Amino acid sequence: DSYQEPYRFYNLDVFEYDLDVPMALYGSIPLAWGVNTRNDGRTVGAFWNNPSETFVDVIEEEKDGISLHWLSESGVIELFILASEPGTNPITALTKMPVLVGAQELPPMFALGYHQCRWNYKDERDVAAVHANFEMLDIPYDVLWLDIEHADGKRYFTWDTSLFPDPISMQTNLSRTGRKMVTIVDPHIKRDNNYYIHSEATKLGLYIKDESGTKDFEGWCWPGSSSYLDFTSADVRKWWAEQFLLSSYQGSTLDLYTWNDMNEPSVFNGPEVTMSKECQSRNGIEHREWHNLYGMYFHRATAEGLELRGQSPEARAIHNGDAARGFVLTRSFYAGSQRWGAVWTGDNAARWDHLQIATPMLLSLAVCGFSFAGADAGGFFGDPEPELMTRWIAAAAYTPFFRGHAHHDAKRREPWSFGEPWTSRLRAAIADRYTWLPLFYTLFAEARFLGSPVMRPLWAHYKAPAGDDATAKKLADIDDQWLLGSDLLIKPVVTPGVSTIDVYFPPGSSWFDARGDYSLYNPGTSQRISATLDQAVPIFQRAGSILPRKRRLRRSTTAMRLDPYELTIALDPINKSAHGVLYLDDSSTFAFRDRDAFAWTIFSFKDNLLTCTVTLGPNLPSFIDNDRARTLGLIGGGLSSEDRQQNSCNANDATCISSTASATESLDQVLKTSIERLIILGLDKPPTTATLRIPDRAPQILELLWNPTLKKLTVRKPDAPVGRSWEIAFEF
């Protein structure tokens, strides 16, 4: 450890935060991993479950490696030890943290698309113009965001009617093209007796109390004089959740989602820009005891509000009787926050070093169980030059949460702002993200069903050969490239003025260049790879894997929902086999949880035979443990019969279609989606024929195209459904 000071876990609103320091920041997960990248890859984690101010001193011992010294201001000692299974990779240890604190919730598909944000889009005309430019320039996006200026005097759940006189029409205009909108809702409530949120909260006694325990705490934040709701109270969370119903949040629609900021909590005139530790909850517990939980409880209450709205008759009518999933982004967090949505790394800057630090920050969150994370592309503060903006968007396209954002003093930087050739480069980078959404969604399903992270360090899957200390150190130290799942390796350019980059290929697997030339790279080597501004981010597919993509350029995830798939089959050079997984559900509701309306499709290539096997819920494929899935609230184990009744449709409600039938119907649509193309890499020679066999159909001879230079076989239009079992036999 190179720091002279201990790490500090104390959630704070830090303006223009420094890099590479152990200072406090927005969120805290007091978890440390000890990873052995040598020999058997044994891994152990220590989770110190204490939400009060905590320091962790990392001490390098001469003989005994590294020791940790934990020191918390208050609370009890509650230490959990997490260990990998004997003889396995560290990934088996990483999956145990979500089992303990809760898994990453499966987001709706739209939330995995591109998000366009700025503090602030000025008015409805500005929103319409930004939306129109995305449409005109064929740049896909899914969500347009509004910051604090959209509200009437920073009174959340309201609109500044001089700027946004018709918010429902504004949202409807986006919805027509499958887009959504997000508005910001912070925890500080303007102290204005004419503001209904404040007057009702005061009347019901929902605020945190000051040091005396008798008066509502008053602090200063964006609206001026503010009070803060006590989200540690279940009653307050329930009341807050009800504010998101359409009947409560005037001007909202079912396509409006939420951004939680300033929830450390941020108090401009408080000690260290937060709340005094002597403030008290409604139950008389001092703030020092639960400081690091506040942001998580706020995030939870908001997510429960959107889930409550998603269970409303209006939402069920649109989703054929099923409860809609929500989307909430948070800045502050604690262990388990992933159960309620996404997180971003806060107010970064338009600098190359902030682009460089984004990867280790996101990997740190991922190995703590928080997969749905991202850094604002382009940087929040300052003005990125076109090269930095292009490199950042290209890198962020391969991170779980993908948003562009900017400070109000920054110049406009929407993808067209820099002119050509930058617009085309940014369009291509964003479009690349959309082609990989089937993989992202499958990985998020694995996070939900298994607890595995979406974005992973190399050491999660790879270890050095016995006695190779140099490789062991390299695997432990690399934090500028990452894995998506186990099968896609990403190494973005994060320095200016370069056209090549060195990529390390870990021992144990060969890798195909996934950008189109399909070069094969050997395991345990470093290679200089071309990475010009006109090329995609260097990405590589593991030999022995099968990955799904959707190639048709669409305006949004909604438009591509039933588009056909492309499968890239990258054969292991030794045994000429490959394996892959595709997760399927309706992509927008909780039918997967409430009624087991999901499917796992397994692809396998072996002995010149490609097979497709489908497992429909509640059954699970062999790689998912039933007991773990139940622990994580799936396949009937996580919902009580009472909860299931609540989440079910009322057959007597005229606005509610039978939920069981609709879940099956919607999933059936997805299962009928076909595969329009197979790309097979690593064959020594082309086959003479390929025959598709689907039960109850006549065998079909498929069209083959062979590229001898790339050793690439393309199978055109097999039109095999992803939701039925079939096989393709190749003859040589």
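Refer to the structure above for everything that follows.
Calculation criteria
- Residues numbered from 1 in each chain as written.
- Predicted model: local features only at pLDDT ≥ 70, side-chain atom pairs only at ≥ 80, totals over all residues.
- Heavy atoms only, no water.
- Phe/Tyr/Trp six-rings, centres within 6.5 Å; stacked < 30°, edge-to-face > 60°.
- Buried < 20%, exposed > 50% of the residue type's maximum accessible area, 1.4 Å probe, protein only.
- Helix = DSSP H or I, 4+ residues; strand = E, 2+ residues; numbered from the N terminus.
- Lys NZ or Arg CZ within 6 Å of the ring centre and 35° of its normal.
- Pairing = 2+ DSSP bridges.
- Axes fitted to C-alpha atoms, helices over the stretch in contact; angles between N-to-C directions.
- Patch = residues over 30% accessible without salt bridge, like charges linked within 9 Å, V, L, I, M, F, W, Y side chains within 5 Å.
- Areas by Shrake-Rupley, 256 points an atom, 1.4 Å probe, with all protein chains shown as cover.
- Salt bridge = Lys/Arg side-chain N within 4 Å of Asp/Glu carboxyl O.
- Core = buried A, V, L, I, M, F, W, Y, C linked by side-chain atoms within 4.5 Å.
- Contact = heavy atoms within 4.5 Å.
- Arc of directions from axis to C-beta.
- Disulfide = S-S within 2.5 Å.
- Parallel < 35°, antiparallel > 145°, perpendicular 65-115°, else oblique.
- Nonpolar A, V, L, I, M, F, W, Y, C, P; charged D, E, K, R; others polar.
- Lys, Arg positive; Asp, Glu negative; His and termini not counted.
- Charge placed at Lys NZ, Arg CZ, Asp CG, Glu CD.

**Points about the packing of aromatic side chains**
Tallying each qualifying case throughout the model produces 50 aromatic pairs. Aromatic pair Tyr-17 and Tyr-26: ring centres 6.0 Å apart, planes at 80°, arrangement edge-to-face. For Tyr-26, a relative accessible area of 3% corresponds to the buried category. Each ring, one from Trp-145 and one from Trp-259, has its centre 5.3 Å from the other, and the planes form 70°; the classification is edge-to-face. Of this pair, Trp-145 sits in strand 8 (residues 143-146) while Trp-259 is found in strand 13 (residues 256-260), placing the two residues 114 residues apart along the sequence. Each member of the pair Trp-145 and Trp-259 is classed as buried. Ring-pair connections join several aromatic residues into one group, and the members of that group are Phe-157, Trp-159, Phe-164, Phe-231, Trp-240, Phe-244, Tyr-249, Trp-290, Tyr-294 and Phe-298. Sitting over the face of the ring of Tyr-504, Lys-474 holds its NZ or CZ atom 5.0 Å from the ring centroid.

**Side note on the pairing of strand 34 (residues 703-707)**
Relative to strand 35 (residues 712-721), strand 34 runs antiparallel, the two being bridged by five bridges. Across the sheet, the residue bridging to Leu-704 is Val-715, located in strand 35. Here strand 34 folds back onto strand 35 in antiparallel fashion, the turn holding four residues, of which Lys-711 has a positive phi close to 50°.

**Observations regarding unusual backbone geometry**
The bulk of non-glycine residues show a negative phi, and the bulk of peptide bonds are trans. Backbone torsion omega between Glu-264 and Pro-265 reads 5°, so that peptide bond is classified as cis. Turning to its location among the elements, Pro-265 is positioned in the loop between strand 13 and helix 7 (294-310). A cis geometry characterises the amide bond from Glu-420 onward to Pro-421, with omega recorded as 5°. Examined against the element boundaries, Pro-421 turns out to sit in the loop between strand 17 (403-404) and helix 11 (422-435).

**Side note on the sheet that holds strand 6 (residues 79-83)**
Pairing within the open sheet is antiparallel, and its three strands lie in the order 2-3-6. Edge strands, defined here as strands with exactly one partner in the open sheet, are strand 2 (31-35) and strand 6. Taken pair by pair, the neighbouring strands of this sheet meet at an average axis angle of 15°, ignoring direction. Pairing between strand 3 (residues 43-48) and strand 6: five bridges, direction antiparallel. Paired with Val-44 across the bridge in strand 6 is Ala-83.

**Some details on a nonpolar patch on the surface**
Among the surface-exposed residues, Val-44, Ile-77, Leu-79 and Ile-81 lie close enough to one another that they form a single nonpolar patch of about 410 Å² accessible area. On the secondary structure map, Ile-77 appears in the loop between strand 5 (66-72) and strand 6.

**Considerations on the nonpolar core**
Among the nonpolar cores identified, the biggest contains 149 residues, and Leu-229, Trp-240 and Phe-327 are the most heavily contacted of them. Element by element, the count of residues in this core is highest for helix 12 (residues 437-450), at 10 residues. When near neighbours in sequence (up to four residues on either side) are disregarded, Phe-327 contacts Phe-110, Ala-111, His-115, Trp-145, Val-182, Tyr-257, Thr-258, Leu-306, Ala-342, Phe-372 and Phe-401. One finds Val-670, Leu-671, Trp-726 and Ile-728 within the second-largest nonpolar core, a separate group that totals 34 residues.

**Some words on helix 4 (residues 167-175)**
The set of residues buried in helix 4 consists of Pro-167, Met-170, Gln-171 and Leu-174. One side of helix 4 carries all its buried residues, which in axial view fall inside an arc of 95°. At its buried positions, helix 4 is contacted by helix 3 (124-136), strand 8, strand 9 (180-184) and strand 13.

**Description of the state of the cysteines**
This model, assessed by the stated rule, comprises zero disulfides. The thiol of Cys-117 is unpaired, and the distance to the nearest cysteine sulfur, on Cys-221, comes to 17 Å. The exposure class assigned to Cys-117 is buried, which follows from its relative accessible area of 2%.

**Digging into the sheet that holds strand 12 (residues 224-228)**
Within the open sheet, the three strands sit side by side as 10-12-11. Their pairing is antiparallel. The sheet terminates laterally at strand 10 (188-190) and strand 11 (219-221), the two strands that pair on one side only. If you compare each strand with its neighbour and ignore which way they point, the axes differ by 60° on average. With three bridges joining them, strand 11 and strand 12 adopt antiparallel strand pairing. Bridging across to strand 12, Trp-220 finds its partner in Ser-225.

**Let's talk about the packing of helix 10 (residues 386-396) against helix 11**
At a minimum axis separation of 8 Å, helix 10 and helix 11 run at an interaxial angle of 10°. The angle between helix 10 and helix 11 places the two elements in the roughly parallel class. Only Trp-422, Arg-425, Leu-426, Ala-429, Ile-430 and Arg-433 of helix 11 make contact with helix 10, whose side of the interface consists of Pro-386, Glu-387, Met-389, Thr-390, Ile-393, Ala-394 and Ala-396. Here the residues of the contact of helix 10 with helix 11 are counted per class, giving nine nonpolar, one polar and three charged.

**Brief notes about a negative patch on the surface**
A surface patch of negative charge is lined by Glu-60, Glu-61, Glu-62 and Asp-64. When you line up the elements, Glu-61 lands in the loop between strand 4 (54-60) and strand 5.

**Quick word on the environment of Ala-366**
Along the chain, the position of Ala-366 falls in helix 9 (residues 352-367). On the basis of relative accessibility, which here comes to 4%, the residue Ala-366 falls in the buried class. Through-space distance from the C-alpha of Ala-366 to that of Pro-107 is 16 Å; in sequence the pair is 259 residues apart. Apart from residues lying up to four places away in sequence, Ala-366 is in contact with Pro-453 and Met-455.

**Some remarks on the pattern of salt bridges**
Two side chains that carry opposite charge are able to pair once their charged atoms sit near each other. A full pass over the atoms with the stated rule returns 48 salt bridges. Put simply, Arg-554 and Asp-563 hold a salt bridge, and the shortest N to O gap is 2.8 Å. The buried category is assigned to Asp-563, whose relative accessible area is 6%. One salt-bridge network, held together by shared partners, links Arg-8, Glu-53, Glu-73, Glu-272, Lys-277, Glu-278, Glu-286 and Arg-288.

**Some points on the pairing of strand 36 (residues 726-731)**
Sheet topology places strand 30 (residues 609-616) next to strand 36; four bridges connect them, and they run antiparallel. Along strand 36, the bridge assignment pairs Thr-611 with Glu-727.

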